[in-house]
Amino acid sequence: MIRGLYTSAMGMAVQMSSLDVVANNLANANTNGFRNATAVQQSFPDMLMLSLNSVPNNPIHRVHPVGGTGHGVVVSNISVNFAQGPFENTGGDLDVALSGDGFFSVETILPSGEAVQMFTRNGAFTVNTDRHLINFNGDRILNTDGTPILLPDGEIVIEANGVIRVNGDILTTLGIVNFEDPSLLRQHGYNLFAQNNAEIIPFTGSVEQGYLERSNVNVVREMVQMINISRAYELNQRMVGIADQTLGQAVNEIARR
């Protein structure tokens, strides 16, 4: 009874974590370049149940296996889906989308004040008062040398290879990279990814000026997943109540006999 109580409680905790992931996906359904995630569940190894009369290494009372029982599940990982999202034509000079695998390099400031390089698929750029090219969060966009990009006034053209021209003259090139295994990237928040242990490889896609990549979240799928999670949570909640009731009867009634 105690094991069933804890197993169901663990199931409720897992469904809560899964619901948080789905809710975050739905909240970012309209966020440019957002990548939906999935909570990966993993079960604990099964434990072999033995007969109460079994005594290991005893030739008289041999070990009699009864069967196996699980210990519940946990969320082992948050898997990010890096499939490309649909493009939206905005016509903006500073709106760019990446066709193919790859990420823009940005310089973000941590709460400690340290400036670090991170990566994003969100190409909705603008310029600040210092004429730095920035994203919606104010992070400065980097070029291939890892230097923040300064944009002078003029007609801006961003070519398919990431080269930025101002009034026809080459200014710099967007710092766009790809990774051998994007699953190693660590989500940082604000639609950014930290490199972690992912190996950088050259970007082989193309840059589309005047377009933005939308989120790859499938709203209908996420709503169905939310309903399934809610039902699983309710079922585990019901099992907790049944186990608690059974345990209460064992304590209050069996103990009297």
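About the cut-offs
- Residues numbered from 1 in each chain as written.
- Predicted model: local features only at pLDDT ≥ 70, side-chain atom pairs only at ≥ 80, totals over all residues.
- Heavy atoms only, no water.
- Helix = DSSP H or I, 4+ residues; strand = E, 2+ residues; numbered from the N terminus.
- Buried < 20%, exposed > 50% of the residue type's maximum accessible area, 1.4 Å probe, protein only.
- Polar contact = N/O pair within 3.5 Å; in protein donor to acceptor, adjacent residues only side chain to side chain.
- Contact = heavy atoms within 4.5 Å.

Engineer: What should I look at first to understand unusual backbone geometry in this one?
Structural biologist: Excluding glycine, a negative phi dihedral is what most residues carry, and trans is how most peptide bonds are arranged. In this structure, Asn167 is a non-glycine residue whose phi angle is positive, near 55°. Position of Asn167 relative to the elements: it lies in the loop between strand E13 (163–166) and strand E14 (169–173). Phi angles above zero are rare outside glycine, and Tyr190 is one such case at about 55°. Inspection of the secondary structure assignment puts Tyr190 in the loop between strand E16 (186–189) and strand E17 (192–194). Since its relative accessible area comes to 57%, Tyr190 is described here as exposed.

Engineer: Just to check I follow, could you spell out the environment of Asn228 for this structure?
Structural biologist: Looking at the secondary structure, you find Asn228 in helix H2 (residues 219–252). Asn228 sits 209 residues away from Leu19 along the chain, and the two C-alpha atoms are 9.8 Å apart.

Engineer: It is not clear to me how the side chain of Ser105 should be interpreted in this structure. Could you clarify?
Structural biologist: Within the secondary structure, Ser105 sits in strand E7 (residues 103–109). Among the polar contacts made by the side chain of Ser105, one reaches the side chain of Gln117 at a distance of 3.3 Å. Not counting the four nearest positions on each side in its chain, Ser105 is found in contact with Gln117, Met118, Phe119, Arg140, Ile141, Leu142, Gly175 and Val177.

Engineer: When you look at the environment of Glu199 in this model, what are you seeing that I'm missing?
Structural biologist: On the secondary structure map, Glu199 appears in the loop between E17 and strand E18 (200–202). Overall, Glu199 belongs to the exposed group, its relative accessible area being 53%. On a C-alpha basis, the gap between Glu199 and Leu184 in space is 8.8 Å, while along the polypeptide they are 15 residues apart. If we skip the residues at most four places from it in the chain, Glu199 touches Asn178, Phe179 and Glu180.

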